[in-house]
Structures are given as structure tokens and as C-alpha cells.
Amino acid sequence: MARVKYTDSDVALMARMMRAEAEGEGKLGMLFVGNIIVNRASADCLDFRDIRTISDVIYQVQGGNYSFEAVQKGNLFYNRARSVEKRLAEKNLKYWRQHPAKYGLWYFNPSGSCPPTWYGQTFSGQYKNHCYYEPAAGTCASVYT
């Protein structure tokens, strides 16, 4: 059973985002970004109460900007999805979750080291250039299911 409902177009959209955000971090880095996308679609808390589809996640606007920088800046996001990233996206959608993004809802690529919290959220770990953050205890039980 899939972690969230999805269509073939969702797989392609998610694959494009995973590549755009983390191609330089290899397959594992792209899977971590995929964790964040799926977690946001399944979370029913914080900034993600009305976010239920992969498209909702990818095109979410917060503070006047898209949540994912790649949507705004174009780059690789607007290229056709490749089969390798599609396979990774399906893996995330079906079952794959791993630390540090297992329960994460946020990540970013800082200019220095990862801060212990980011907008009040707990640092869960780092992979290459990205820092991953989980919801603070007691604020988002749905992400842990």
C-alpha cells in the first residue's frame, strides 16, 4: 500500500523535483528529498494542514514564495522526468523512509553548518549539503505514522 495516493503524473512531478533539488547528492540525496515531499502530503499539521497531493506539496506557496526554490528558479525542475528518478519517486511513495529525513518536513542547504533548530523545528541530521528537520515534539503526530 502506498504512503499517499498518487498518479503517474505525480511520480513524474516528484521525480523532477527530487532531481532539481538534490541531483548533486546522488540517489540517496534524492530519496531524502522524496521523503520530505511524501511526509508533507501525509502530514496533517503545521504548514501542511490542507496539503494532500504531490502537486499540492510541490506548488505550495508560503510567505509569497514557492516552498521549493526549484519551482521558481526553473533549472532542472522544468526538464522531463528521467526513468531513474521516477523509480526513486515511486520507491518513496510506496514505502522508502530513512533517517535523517524519515520524519522530516523541512530541509535546506545552509552556507555554513546546520543549526540545531530551524524555525523552531528539531535538527534530525545532515546528508551532504542538506540539513533535515523534524517537527518539534507534540506538534505533528501524523508525520510519525
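Placed above this text is the structure.
Report on the accompanying structure. (Residues numbered from 1 in each chain as written. Predicted model: local features only at pLDDT ≥ 70, side-chain atom pairs only at ≥ 80, totals over all residues. Heavy atoms only, no water.)

### What to know about the packing of aromatic side chains
Turning to step 1, where the next piece is worked out: Counted according to the given criterion, the structure contains 15 aromatic pairs.
Turning to step 2, where the next piece is worked out: Consider the rings of Tyr59 and Tyr66, whose centres lie 6.4 Å apart with planes at 75°: the pair is edge-to-face.
Turning to step 3, where the next piece is worked out: Tyr59 sits in the partly exposed class, given a relative accessible area of 33%.
Turning to step 4, where the next piece is worked out: Chaining the aromatic ring pairs together yields one cluster made of Phe32, Phe68, Trp96, Tyr107, Tyr127 and Tyr132. (Phe/Tyr/Trp six-rings, centres within 6.5 Å; stacked < 30°, edge-to-face > 60°. Buried < 20%, exposed > 50% of the residue type's maximum accessible area, 1.4 Å probe, protein only.)

### Focus on helix H1 (residues 8-22)
Turning to step 1, where the next piece is worked out: Look at H1: 21 Å from first C-alpha to last across 15 residues, which is about the 21 Å you get at 1.5 Å a residue.
Turning to step 2, where the next piece is worked out: Burial of H1 is extensive: 13 of the 15 residues sit out of reach of the surface. (Helix = DSSP H or I, 4+ residues; strand = E, 2+ residues; numbered from the N terminus. Expected span 1.5 Å × (residues − 1).)

### Digging into the sheet that holds strand S4 (residues 117-118)
Hydrogen bonding along the main chain pairs the strands of a sheet, whether they run parallel or antiparallel.
Turning to step 1, where the next piece is worked out: What the 4 strands build is an open sheet, ordered S3-S6-S5-S4; its pairing is antiparallel. A single partner strand is all that each edge strand has here, and the edge strands are strand S3 (106-108) and S4.
Turning to step 2, where the next piece is worked out: Note: S4 against strand S5 (residues 121-127), 2 bridges, orientation antiparallel. Across the sheet, the residue bridging to Thr117 is Thr122, located in S5. (Pairing = 2+ DSSP bridges.)

### Side note on the packing of H1 against helix H5 (residues 83-94)
Turning to step 1, where the next piece is worked out: As a packed pair, H1 and H5 sit with axes 8 Å apart at the nearest point and diverge in direction by 110°. Here H1 lies roughly perpendicular to H5, going by the angle between them. Residues Val11, Ala12, Met14, Ala15, Met18 and Arg19 of H1 touch H5, and the partners they reach there are Glu85, Lys86, Leu88, Ala89, Glu90, Asn92 and Leu93.
Turning to step 2, where the next piece is worked out: The class makeup of the residues in the contact of H1 with H5 is 8 nonpolar, 1 polar and 4 charged. (Axes fitted to C-alpha atoms, helices over the stretch in contact; angles between N-to-C directions. Parallel < 35°, antiparallel > 145°, perpendicular 65-115°, else oblique. Contact = heavy atoms within 4.5 Å. Nonpolar A, V, L, I, M, F, W, Y, C, P; charged D, E, K, R; others polar.)

### Some points on a nonpolar patch on the surface
Turning to step 1, where the next piece is worked out: A contiguous nonpolar surface patch, about 390 Å² in accessible area, is contributed by Tyr59, Val61, Tyr66 and Tyr78.
Turning to step 2, where the next piece is worked out: Positionally, Tyr66 belongs in strand S2 (residues 65-66). (Patch = residues over 30% accessible without salt bridge, like charges linked within 9 Å, V, L, I, M, F, W, Y side chains within 5 Å. Areas by Shrake-Rupley, 256 points an atom, 1.4 Å probe, with all protein chains shown as cover. Salt bridge = Lys/Arg side-chain N within 4 Å of Asp/Glu carboxyl O.)

### Concerning the state of the cysteines
Turning to step 1, where the next piece is worked out: According to the stated counting rule, one finds 2 disulfides in the structure shown.
Turning to step 2, where the next piece is worked out: The disulfide bridge from Cys45 ends at Cys140, spanning 1.7 Å between sulfur atoms. Between Cys45 and Cys140, the S-S dihedral sits near -60°, and the bridge is therefore left-handed. One end of the pair, Cys45, is in the loop between helix H2 (26-42) and helix H3 (54-58); the other, Cys140, is in the segment after strand S6 (130-134), and 95 residues separate them in sequence. (Disulfide = S-S within 2.5 Å.)

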